[in-house]
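Inside the fold
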Amino acid sequence: MNVMRFFFLTALGGFFEFDSLAQTNWVQRTNVTSGTSGYYNCLACSADGSILAVASGDSGIFISTNSGETWLQHTQWLSNAHVVTMSADGNKMAAVASGLSTSIDGGETWTHQNGAPTYNGYYNFYFLASSADGNKLMGAMNTGNGGSPIYTSMDGGVTWMTNSAPTNNWKAGACSADGMKLIAVSANGGGVWTSTNAGATWISNSVPPPYLAPATWLSAASSADGIRLVIGAYGGQVYTSTNSGFTWISNAVSGAFLQCLASSADGQRLIAAVGSGKIYTSTNFGKIWNTNNVPSLAAWSSVASSADGCKLAAAISFGNVYTEESTPPKPSLAISSANGNAFVTWPVISTNVVLQASDDLSTWTDLTNTPQINATNLQDEVSLPQMESAGAAFYRLAAP
């Protein structure tokens, strides 16, 4: 087993470091629709970036379980697909096509949700956002200039309700990992709105100029805790917030049509795509943006990010899906407790690792229990065995 520079942990803390990984370029995934270009509307990915789903307007939903290397087509209830979202583990998905459909087995089977809201008899969600466990969903309809309320679901899309958010031409939305903190942005001067109680009540956010008035907000993303937010406007402005939307800072991105955004779980790594331009990434909460080596005049329609921000995906409306991988951050291990049980926890990362234990720092044993994602904070956690009170335990992550 090739162990990364080791981490050892007691109840007092420790240290861990990854070996450096080479930076990689964006890879064009021409195999998504068997070598032909598709009509790609929306991307979603799991917390570790291994599971990707893309909604194709002419071919249904395509799903990859190996970070985009190979794909399978899913067409049940899903012709003319234009929206897709998923839970952190990739098991629960929701997609909008000829209707709203959900899956609880990673897209293997789908259930048409007859209780979803409609507009003029059509299931017409413009966007969907999902909590990390996939149970809480938020969306708004594509109703043209007439506007739509915001709808929320607490049971994975089976039943829906409206709330106090105003009727607007909503363009995008995002939510925290626990689904309690929401943000929605709209066009035609409808503004930016946030909720801290799963959509029960909403607050209008005051975003400073400069943006083209009346502001047309096109995209939004959120950190796992819902504290760091990022929104994009027509005109190329990106705004970030470090306090759940109470105040905002302007960050300019070159391009007039900022189509889509995505964020890492901590809000540090961001990706922004211009609708007819370039892709930009930031590794410092949006303070500095870097141009990426991708087709510069592509009609980018959607982007997605793993929880650590090191596996990215981007789709071109009438083109291909691209993926990119970069060096993962150094995770910090910690011990936590809940309901009398102890856990080793670390932020979800896009690298395969195994947790090992030792009582003498010389002999290490793989822990066979699979890490589970804590859907409230996007942390991987492994339940610890009961230790002898006089004993000591050390833990490290290793490359399998």
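Please refer to the structure higher up on the page.
Within each chain, residue numbers correspond to sequence positions counted from 1 in written order. Confidence filtering applies because this is a predicted model: local features only for residues at pLDDT of at least 70, side-chain atom pairs given and counted only at 80 or more, and all residues used for totals across whole chains, interfaces and linings. To get the side-chain values, take all heavy atoms of the structure and skip hydrogens and water.

**Describing the overall build of the protein**
Broken down by element type, the protein carries zero helices and 38 strands. By residue count, 55% of the 400 residues in the protein fall in the buried class. Contacts are assigned to residue pairs that have any heavy atoms within 4.5 Å of one another. For the protein, the proportion of contacts with a sequence separation of at least 24, taken over those separated by at least 6, is 48%. Going along the chain from the N terminus, every DSSP run of H or I of four or more residues is numbered as a helix, and every run of E of two or more is numbered as a strand. Classification of residues uses two cut-offs on accessible area relative to the type maximum, computed with a 1.4 Å probe and protein chains only: under 20% is buried, over 50% is exposed, and between them is partly exposed.

**A short note on the pairing of strand β29 (residues 311-316)**
Within β29, six of the six residues are buried, which leaves it mostly tucked inside the rest of the structure. Because side chains alternate across β29, one face comprises the buried residues Lys311, Ala313 and Ala315, and the other comprises Leu312, Ala314 and Ile316, equally buried. In terms of strand pairing, strand β28 (residues 300-305) meets β29 through five bridges, oriented antiparallel. Across the sheet, residue serine 302 finds its bridge partner in β29, namely alanine 315. By this definition, two strands are paired if DSSP reports at least two bridges between them. Two successive antiparallel strands, β28 and β29, enclose a turn made up of five residues, where glycine 309 displays a positive phi of approximately 75°. Of the pairings in the sheet, the one linking β29 to strand β31 (residues 321-325) comprises five bridges and is antiparallel in character. Pairing of leucine 312 across the sheet is with glutamate 324, part of β31.

**A closer look at the nonpolar core**
A general feature of soluble globular proteins is that nonpolar side chains tend to end up buried together. Definition used in this section: a nonpolar core is a set of buried Ala, Val, Leu, Ile, Met, Phe, Trp, Tyr and Cys residues joined via side-chain atoms within 4.5 Å. With 15 residues, the main nonpolar core has Ile61, Ile63, Val84 and Trp110 as its most contacted residues. Going through the elements one at a time, β4 (38-45), β5 (52-56), β6 (60-64), β8 (83-86) and β9 (93-96) are the ones with two or more residues in this core. Beyond its immediate sequence surroundings of up to four residues, tryptophan 110 is in contact with Ile61, Ile63, His74, Gln76, Trp77, Leu78, Met93, Ala94, Ala95, Ser101, Thr102 and Ser103.

**Things to note about the sheet that holds strand β27 (residues 290-291)**
An order of β24-β25-β26-β27 is seen for the four strands of this open sheet, with the pairing classed as antiparallel. Each edge of the sheet is formed by a strand with only one pairing partner; in this case those strands are β24 (258-263) and β27. In this structure, β24 lies alongside strand β25 (residues 270-274), joined through five bridges in antiparallel fashion. In the strand pairing of β25, alanine 262 is matched with isoleucine 271.

**What about the environment of serine 305?**
With respect to the secondary-structure elements, serine 305 resides in strand β28. On the accessibility criterion, serine 305 (14% relative accessible area) is buried. It is 7.9 Å that separates the C-alpha atoms of serine 305 and alanine 47, two residues lying 258 residues apart in sequence. With residues up to four places along the chain from it excluded, the contact list for serine 305 reads Cys45, Ala262, Ser263, Ser264, Lys311 and Leu312.

**Some points on the sheet that holds strand β13 (residues 137-141)**
Strand order in the open sheet formed by four strands is β12-β13-β14-β15, with antiparallel pairing between adjacent strands. Of all the strands in the sheet, the pair left with one neighbour each is β12 (125-130) and β15 (161-162). The sheet contact formed by β12 and β13 spans five bridges and is antiparallel. Looking at β13, one finds that serine 130 is bridged to leucine 137.

**Quick notes on the pairing of β25**
Remark: a regular strand shows side chains that alternate across the two faces of the sheet. Burial analysis of β25 places five of its five residues in the buried class, which makes it a mostly covered element. Every second residue of β25 is oriented toward a common face, with Leu270, Ala272 and Val274 on one face and Ile271 and Ala273 on the other, all of them buried. Linking two consecutive strands that pair antiparallel, namely β24 and β25, is a turn of six residues; a positive phi of about 80° is found at glycine 267 within it. With four bridges connecting them, β25 and strand β26 (residues 279-282) associate as antiparallel partners. Along β26, the bridge assignment pairs isoleucine 271 with threonine 281.

**Some thoughts on the environment of serine 153**
With respect to the secondary-structure elements, serine 153 resides in strand β14 (residues 150-153). Along the sequence, serine 153 and alanine 198 sit 45 residues apart, while their C-alpha atoms lie 9.3 Å from each other. If sequence neighbours within four positions are ignored, serine 153 has contacts with Asn135, Lys136, Leu137, Val158, Thr159 and Trp160. For the purposes of these results, a polar contact is taken to be a pair of N or O atoms within 3.5 Å, where, inside protein, one atom must be able to donate a hydrogen and its partner to accept one; residues adjacent in sequence count only when each atom of the pair is a side-chain atom. A polar contact of 2.9 Å, which involves the side chain of serine 153, links it to the backbone nitrogen of glycine 157.

**Regarding the packing of aromatic side chains**
Side-chain rings of Phe, Tyr and Trp, where Trp is taken by its six-membered ring, are said to pair if the distance between their centres is within 6.5 Å; with planes under 30 degrees apart they count as stacked, over 60 as edge-to-face, and otherwise as tilted. Counted under the stated rule, the structure contains four aromatic pairs. Each ring, one from phenylalanine 125 and one from tryptophan 160, has its centre 5.0 Å from the other, and the planes form 40°; the classification is tilted. In this pair, phenylalanine 125 sits in strand β12 while tryptophan 160 sits in the loop between β14 and β15, placing the two residues 35 residues apart along the sequence. Overall, the relative accessible area of 14% leaves tryptophan 160 in the buried class. Put simply, the rings of Phe125, Tyr151 and Trp160 pair up and form one aromatic cluster.

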